[in-house]
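An overview of the molecular structure
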Amino acid sequence: MPRLVIVSPCYNEEAILVYSAGELTALLERLIAAGKILPTSHVLYVNDGSRDRTWELIEELHQSNHFIDGLCLAGNVGHQSAIMAGMMTARDVADAVVTIDADLQDDLAAIEEMVDRYLEGYDIVYGVKVSRTADPLPKRTAAIAFYRLQSAMGIRAIYNHADFRLMSRRALDALACYPERNLYLRGIIPQLGYRSTTVDDVISERVAGESKYTLRKMLLLAVDGITSFSTRPISWIIGMGLLCLLISICMAVYVLVSYIEHLSVPGWASLMLSLWFIGSILLLSLGVIGQYIGKIYIEIKQRPRYHIAQHLQHNDQ
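Read on for an overview of the structure. Because the structure is a prediction, the values reported are computed rather than measured.

1. Side note on the environment of Arg91
Within the element layout of this structure, Arg91 appears in the loop between helix H3 (79-90) and strand E4 (96-99). Assessed through its relative accessible area of 23%, Arg91 is described here as partly exposed. What Arg91 contacts, discounting residues up to four positions off in sequence, is Arg169, Leu172, Asp173 and Ala176.

Written out as structure tokens, the structure reads:
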């Protein structure tokens, strides 16, 4: 039987934390009673710089619930780094780790299926969303568009999978070898190469509180994912440059013929349109290239991804 650790990142999740702890504790108890995991399995809440009483609640839950541990990061480092911090902390004691957001919109029943797949020999089990009716329409539309864009960029990722997954210890050990600071776990983990499979994940409504994953954060994650795993945007810029060159040649021929035939009319419309078009292409190109240069700048400094302020553990770990 494996020792399972459920890693759950939290950011201002005071409204839902007690409910989350109760549901995850009940799940662990069922799996222990079924003989699928060891009794020392537990939940590790990762406090990602919350500004409410989230950490105080985690401390209280740790005191009253043997299944609850806590990891308090020194500041807000972002969702991906918080997940990484939890996984790297848990891999020292766990045989397998499941990551799930504290809002529990992911399907808890899928965790038992993940454990079953792990017992069958799979090192990575992805939770793939088969229904997103609980998500708002703009979020569903943006997510689907992003997954398709990933595919167009040639990024190897699991369609309709976020960060709900199980990983074995050896998969976590392999993940620890990736020192990059621009974390996009949905792109890194499929590159590990270990045997993997999927389980269905039906998204449900939030019980309390509001989603902390705003459209802005989704867009920033999309930019990170694309620029961290694909140089295709730069290739597209080269293609746009060649297209602009072709258009310019055609325009030059048109202007020359018009001048010879005395058909040209003095004006500024075509000139202004051309300037705006070329200017926008140049600015777009500089912005894309700047993204890559910025990531190089961040990576070469090799700064720590996070600092741990406090780690709550029970004595049997």
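The structure having been displayed, the exposition proceeds.
2. Thoughts on a nonpolar patch on the surface
Together, Leu243, Leu246, Ile247, Phe277, Ile278 and Leu282 make up an exposed nonpolar region whose accessible area comes to about 530 Å². The set of elements that each furnish at least two residues to the nonpolar patch consists of helix H9 (232-260) and helix H10 (269-301). Relative to the elements of secondary structure, Phe277 occurs in helix H10.

3. A few points about empty space enclosed by the protein
Under the criterion given, the structure shown has two cavities of 30 Å³ or more. Estimates place the volume of the largest cavity at around 50 Å³. Every residue lining the largest cavity is counted, ten residues in all, and those nearest its centre are His42, Thr89, Ala90, Val93 and His311. Elements with a contribution of two residues or more to the lining of the largest cavity: strand E2 (42-47) and H3.

4. Quick word on helix H1 (residues 14-33)
Between its terminal C-alpha atoms H1 stretches 29 Å, which fits the 28 Å expected from 20 residues at 1.5 Å a residue. If you check which residues of H1 are buried, you get Ile16, Leu17, Ser20, Ala21, Leu24, Thr25, Leu27, Leu28 and Leu31. In this fold, the buried residues of H1 make contact with strand E1 (4-10), E2, helix H2 (54-64), strand E3 (68-73) and helix H4 (109-119). After H1 finishes, the residue Gly35 shows a positive phi value of roughly 75°.

5. Thoughts on the sheet that holds E2
As summarised here, the arrangement of the eight strands in space is E7-E5-E6-E4-E1-E2-E3-E8, forming an open sheet in which the pairing is mixed. Here the strands that pair on one side only, and so sit at the sheet edges, are strand E7 (196-202) and strand E8 (308-312). Ignoring which end each strand starts from, the neighbouring axes of this sheet average 20° apart. Sheet strands in contact with H1 are E1, E2 and E3, and its direction is about 155° off that of E2.

6. Section: the packing of aromatic side chains
Per the counting criterion, the structure on display carries zero aromatic pairs. Arg195 extends its terminal NZ or CZ atom over the ring of Tyr122, reaching a point 4.0 Å from the ring centre.

7. Looking at H2
Given 3.6 residues per turn, any residue in an α-helix points the same way as the ones three and four places further on. When H2 is considered as a whole, its buried residues turn out to be Thr54, Trp55, Leu57, Ile58, Leu61 and His62. Summarising the axial view, the buried residues of H2 lie within an arc of 155°, below the 170-degree limit, and thus occupy one face. More than 90 degrees from the buried face of H2, the exposed residues found are Gln63 and Ser64. Residues of H2 that are buried sit in contact with E1, H1, E2, E3 and E8.

Parameters at a glance
- Residues numbered from 1 in each chain as written.
- Predicted model: local features only at pLDDT ≥ 70, side-chain atom pairs only at ≥ 80, totals over all residues.
- Heavy atoms only, no water.
- Helix = DSSP H or I, 4+ residues; strand = E, 2+ residues; numbered from the N terminus.
- Buried < 20%, exposed > 50% of the residue type's maximum accessible area, 1.4 Å probe, protein only.
- Contact = heavy atoms within 4.5 Å.
- Patch = residues over 30% accessible without salt bridge, like charges linked within 9 Å, V, L, I, M, F, W, Y side chains within 5 Å.
- Areas by Shrake-Rupley, 256 points an atom, 1.4 Å probe, with all protein chains shown as cover.
- Salt bridge = Lys/Arg side-chain N within 4 Å of Asp/Glu carboxyl O.
- 1 Å grid on protein atoms, 1.4 Å probe; cavity = no way out; pocket = protein on both sides within 12 Å on 5 of 7 lines; lining within 4 Å.
- Points joined across faces, edges and corners; volume = space filled by probe spheres on them.
- Expected span 1.5 Å × (residues − 1).
- Pairing = 2+ DSSP bridges.
- Axes fitted to C-alpha atoms, helices over the stretch in contact; angles between N-to-C directions.
- Phe/Tyr/Trp six-rings, centres within 6.5 Å; stacked < 30°, edge-to-face > 60°.
- Lys NZ or Arg CZ within 6 Å of the ring centre and 35° of its normal.
- Arc of directions from axis to C-beta.

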